[in-house]
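# Survey of secondary and tertiary structure
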Amino acid sequence: DQQVKQNSPSLSVQEGRISILNCDYTNSMFDYFLWYKKYPAEGPTFLISISSIKDKNEDGRFTVFLNKSAKHLSLHIVPSQPGDSAVYFCALITPNTGKLIFGQGTTLQVKP
Amino acid sequence: EAGVAQSPRYKIIEKRQSVAFWCNPISGHATLYWYQQILGQGPKLLIQFQNNGVVDDSQLPKDRFSAERLKGVDSTLKIQPAKLEDSAVYLCASSFPDTRFSGNTIYFGEGSWLTVV
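Read on for an overview of the structure. The structure displayed is predicted, hence computed values, not measured ones.

Okay, the interface of chain B and chain A next. At the interface, 26 residues of chain B touch 21 residues of chain A. Regarding the contact of chain B and chain A, the summed buried area is about 1,800 Å², with carbon and sulfur atoms giving 58% of it. Linking chain B with chain A are 1 salt bridge, by the criterion used here. As a salt-bridge pair, Lys-99 of chain A and Asp-56 of chain B come within 3.6 Å of each other at their nearest N and O atoms.

Next up, the structure:
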């Protein structure tokens, strides 16, 4: 039972353009959503999060959008840079324990 | 500040052999997690400790996996006997305990890569 789905295994964009990564979830009980970034041979690192009381959160080049009615969130990276090339995981968090439920990940390649 | 330390980084074993992974969390972090990441999938929680007590081990295959956290600091994850499907990256993470966890307070180690042949 996949609670978090990232349906695009990979995405390739040109440097300077926008990258849009998508994520769908099934359980409405969660109220906090996150994106993690993972480089090869490294552990995931926290990128950005959003609470269910918001529909947008912005941090520099990174913006996360939440559509609760559609149970969908997306990560926008503008402008994309070659250093953004990594695997991006969408995750839900159980706030009282810190348990993370991850999607399958999307590999982003930003071409110079 | 030192990060989450894991060892060994890479391990190749034959099926039915045993293996152990070690994790040293960030100093002062009472909460410790072990995640399993199979290639092409997202990390999946195996076990969560609060100090040296188990909070969640619902997805730990207890017939072959075991974990302990002595003295509430370091932790060891053991697999015995290993199966081919155990080939994965084993990620350790740690966090301060909080009344409300948020993702930016959870820190992951670099992972231990296991190949079972």
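Residue and element names in this part refer to chain A. For the structure shown, the criterion picks out 2 disulfides over all chains. Two residues, Cys-23 and Cys-90, share a disulfide whose sulfurs are 2.0 Å apart. Residues Cys-23 and Cys-90 share a disulfide whose torsion about the S-S bond is about -65 degrees; that sign makes it left-handed. Of this pair, Cys-23 sits in strand S3 (residues 19-25) while Cys-90 sits in strand S9 (residues 86-94); the two residues are 67 residues apart in sequence, bridging distant segments of the chain.

What the rule picks out here adds up to 7 salt bridges over all chains. We note a salt bridge from Glu-110 of chain B to Arg-9 of chain B, for which the minimum N-O separation is 2.9 Å. Taken together, the residues Glu-110 of chain B in the loop between strand S10 (106-108) and strand S11 (112-116) and Arg-9 of chain B in the loop between strand S1 (5-7) and strand S2 (10-13) connect sequence positions 101 residues apart. Judged by its relative accessible area of 41%, Glu-110 of chain B is partly exposed. Arg-9 of chain B gets classed as partly exposed once you look at its relative accessible area, which sits at 24%. Salt bridges sharing common partners tie together Lys-37, Arg-61 and Asp-84 of chain A.

Structurally, Lys-38 of chain A can be placed in strand S4 (residues 32-38). A polar contact is formed between the side chain of Lys-38 of chain A and the backbone oxygen of Glu-42 of chain A, at a distance of 3.0 Å. Filtering out sequence-adjacent residues up to four positions away, Lys-38 of chain A remains in contact with Gly-43, Pro-44, Ala-86, Val-87 and Phe-89 of chain A together with Gln-37 of chain B.

Next up on the list: the side chain of Gln-48 of chain B. Within the element layout of this structure, Gln-48 of chain B appears in strand S5 (residues 44-50). Judged by relative accessible area, which is 2%, Gln-48 of chain B ranks as buried. Dropping the residues within four chain positions of it, Gln-48 of chain B is found in contact with Thr-97 and Lys-99 of chain A together with Thr-31, Leu-32, Tyr-33, Gly-53, Val-54, Val-55 and Asp-56 of chain B.

Turning to the nonpolar core, a few remarks are in order. If you look at the biggest cluster of nonpolar residues, it comprises 24 residues, and the most contacted ones within it are Phe-33, Trp-35, Leu-73, Leu-75 and Tyr-88 of chain A. Aside from chain neighbours lying at most four places away, what touches Phe-33 of chain A is Tyr-25, Ile-48, Ser-49, Ile-50, Ser-52, Leu-66, Leu-73, Ala-91 and Leu-92 of chain A. Ranked by size, the runner-up nonpolar core spans 21 residues in total, among them Ile-26, Ile-47, Phe-49 and Ala-88 of chain B.

Reading guide: rules and limits
- Residues numbered from 1 in each chain as written.
- Chains lettered and ligands numbered in written order.
- Predicted model: local features only at pLDDT ≥ 70, side-chain atom pairs only at ≥ 80, totals over all residues.
- Heavy atoms only, no water.
- Contact = heavy atoms within 4.5 Å.
- Buried area = accessible area lost by both parts, 1.4 Å probe.
- Salt bridge = Lys/Arg side-chain N within 4 Å of Asp/Glu carboxyl O.
- Disulfide = S-S within 2.5 Å.
- Helix = DSSP H or I, 4+ residues; strand = E, 2+ residues; numbered from the N terminus.
- Buried < 20%, exposed > 50% of the residue type's maximum accessible area, 1.4 Å probe, protein only.
- Polar contact = N/O pair within 3.5 Å; in protein donor to acceptor, adjacent residues only side chain to side chain.
- Core = buried A, V, L, I, M, F, W, Y, C linked by side-chain atoms within 4.5 Å.

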